[in-house]
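The primary structure of each chain is shown beneath.
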Amino acid sequence: MKTNTSLRLCLLLLTLCATMLHATEIKYGPNIVYDGKVNDAGQPFKKGKLITTYKASSNGMIAEEKDILEGEFNGRRVEKAKLSLAGKRIVFEGVVEYTIKEGDNSVTYR
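Please read these numbers as outputs of a predicted model, since none were measured by experiment.

Asks: Could you give an account of the overall build of the protein, naming the residues involved and the relevant values?
Replies: Scanning the protein from terminus to terminus reveals 1 helix and 7 strands. When the helices and strands of the protein are listed from N to C terminus, the series reads α-β-β-β-β-β-β-β. Out of the 110 residues in the protein, the part that is buried amounts to 25%. If you take every contact in the protein between residues at least 6 apart in sequence, the share linking residues at least 24 apart comes to 21%.

Structure follows, in structure tokens:
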């Protein structure tokens, strides 16, 4: 009985370690972060999220907004993408290509 429990615990720990090794966070700038799986070259690959955070003003108040691009990444192209702009006020689903201007700290979506 102890062996069976120990084996299950080892398998659980191996699964958790394998998952953690393949998921990473890439910080492109102070406001642009990718969180998800990467390929051998360290580029976004498979399931992940690209989050862009910025400040926006409305009616004299400043609020933090987020654009979130999630889906199946393959370099700069995202299949099965869901792009939520400005805190889910605008949502696009489909295929999205993106470009990050690191010096400008901005993301362009196509």
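Asks: Go over the environment of Glu70 with me, naming the residues and quoting the values.
Replies: Following the sequence through the fold, Glu70 ends up in strand 4 (residues 61-74). Residues Glu70 and Ser84 lie 14 residues apart in sequence; the distance between their C-alpha atoms is 8.6 Å. In contact with Glu70, not counting residues within four places along its chain, are Gly48, Lys49, Val78, Lys80, Ala81 and Lys82.

Asks: Describe the packing of aromatic side chains, and please don't skip the residues or the numbers.
Replies: One pass over the full model with this rule turns up 2 aromatic pairs. One aromatic cluster is present, formed by Tyr34, Phe73 and Tyr98 through successive ring pairs.

Asks: Any chance you could break down the sheet that holds strand 7 (residues 106-109) for me, citing the residues and the numbers?
Replies: Read from one edge of the open sheet, 7 strands run 1-2-3-4-5-6-7, paired in antiparallel fashion. With one partner strand each, in any of the chains shown, strand 1 (23-29) and strand 7 form the two edges of the open sheet. Adjacent strand axes in the sheet meet at a mean angle of 35 degrees when their direction is disregarded. Bridge count between strand 6 (residues 90-101) and strand 7: 4 bridges; the pairing is antiparallel. When the bridges of strand 7 are listed, Ile100 appears paired with Val107.

Asks: Go over the pairing of strand 1 with me, naming the residues and quoting the values.
Replies: As a general feature of sheets, a regular strand has side chains that alternate between the two faces. Direction of pairing for strand 1 relative to strand 2 (residues 32-38): antiparallel, over a ladder of 6 bridges. Within strand 2, the residue paired with Gly29 across the bridge is Ile32. Counting the residues between successive antiparallel strands, the hairpin from strand 1 to strand 2 contains 2 residues.

Cut-offs used in this document
- Residues numbered from 1 in each chain as written.
- Predicted model: local features only at pLDDT ≥ 70, side-chain atom pairs only at ≥ 80, totals over all residues.
- Heavy atoms only, no water.
- Helix = DSSP H or I, 4+ residues; strand = E, 2+ residues; numbered from the N terminus.
- Buried < 20%, exposed > 50% of the residue type's maximum accessible area, 1.4 Å probe, protein only.
- Contact = heavy atoms within 4.5 Å.
- Phe/Tyr/Trp six-rings, centres within 6.5 Å; stacked < 30°, edge-to-face > 60°.
- Pairing = 2+ DSSP bridges.
- Axes fitted to C-alpha atoms, helices over the stretch in contact; angles between N-to-C directions.

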